[in-house]
Amino acid sequence: PWDPIRYFQRSFILPEGFPAHPHRGFITVTYFLKGGFVHRDSLGIKQAYGAEERHGGKHTQWLHTGAGMLHEEMFDIEPDDGGVPFLQPS
């Protein structure tokens, strides 16, 4: 199905994901229904998570933020994934 939010985000905002950016003092939980992210941060941590079989059941990220660190979340999409529906309450 066509996703207007994903189309807008992909076309006008950040087509590859969310490049390096800081956070300070909050917690996010990201849960994937389809597709995934590759997380990288300034501490050298890199991990893929998402809803596809290649993510090995790692479909949720719980991120506690502090200060002084940058991280990025880039879409981990295979051509047949068709989009990245995810929930990110904060």
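The structure this text deals with has already been given above.
Below is a summary of the structure that appears in this document. (Residues numbered from 1 in each chain as written. Predicted model: local features only at pLDDT ≥ 70, side-chain atom pairs only at ≥ 80, totals over all residues. Heavy atoms only, no water.)

Of regular secondary structure, the protein chain possesses one helix and seven strands. In the protein chain, buried positions account for 30% of the 90 residues. Of the contacts made within the protein chain by residues no fewer than 6 positions apart, 70% connect residues no fewer than 24 positions apart. Total accessible area on the protein chain stands at roughly 6,000 Å², and carbon and sulfur atoms take up 60% of it. (Helix = DSSP H or I, 4+ residues; strand = E, 2+ residues; numbered from the N terminus. Buried < 20%, exposed > 50% of the residue type's maximum accessible area, 1.4 Å probe, protein only. Contact = heavy atoms within 4.5 Å. Areas by Shrake-Rupley, 256 points an atom, 1.4 Å probe, with all protein chains shown as cover.)

With antiparallel pairing, the four strands of this open sheet are ordered in space as E1-E6-E3-E4. Each end of this open sheet is capped by a strand with a single partner; those strands are strand E1 (17–22) and strand E4 (46–50). Taking each pair of neighbouring strands and ignoring which way they run, the sheet shows an average axis angle of 15°. Alignment of E1 against strand E6 (residues 70–75), held across four bridges, turns out to be antiparallel. Its bridge partner lying in E6, His 21 is registered against His 71. (Pairing = 2+ DSSP bridges. Axes fitted to C-alpha atoms, helices over the stretch in contact; angles between N-to-C directions.)

Glancing now at the pattern of salt bridges. Using the criterion set out here, one finds two salt bridges in the structure. Of the charged contacts, one joins Arg 40 and Glu 72 as a salt bridge, the two residues approaching to 2.8 Å between their closest N and O atoms. Note that Arg 40 is positioned in strand E3 (residues 36–41) and Glu 72 in strand E6, a separation of 32 residues in sequence. For Arg 40, a relative accessible area of 32% corresponds to the partly exposed category. (Salt bridge = Lys/Arg side-chain N within 4 Å of Asp/Glu carboxyl O.)

As a further point, take the packing of aromatic side chains. A full pass over the atoms with the stated rule returns six aromatic pairs. With a centroid separation of 5.9 Å and 90° between ring planes, the pair formed by Phe 18 and Phe 37 is classed as edge-to-face. Linking Phe 18 in strand E1 with Phe 37 in strand E3, this pair joins segments that are 19 residues apart in sequence. Residue classification places Phe 18 among the partly exposed positions, given a relative accessible area of 27%. (Phe/Tyr/Trp six-rings, centres within 6.5 Å; stacked < 30°, edge-to-face > 60°.)

Take the pairing of strand E2 (residues 27–32) next. Across the two faces of E2 the burial differs, with Thr 28, Thr 30 and Phe 32 buried and Ile 27, Val 29 and Tyr 31 not buried at all. Looking at chain direction, E2 and strand E5 (residues 60–64) are connected through five bridges and run antiparallel. Note that in E5 the partner of Val 29 across the bridge is Trp 62.

What follows concerns the pairing of E4. In the sheet, E3 pairs with E4 via five bridges, with the strands oriented antiparallel. Each residue of the ladder has a partner; that of Arg 40, found in E4, is Lys 46.

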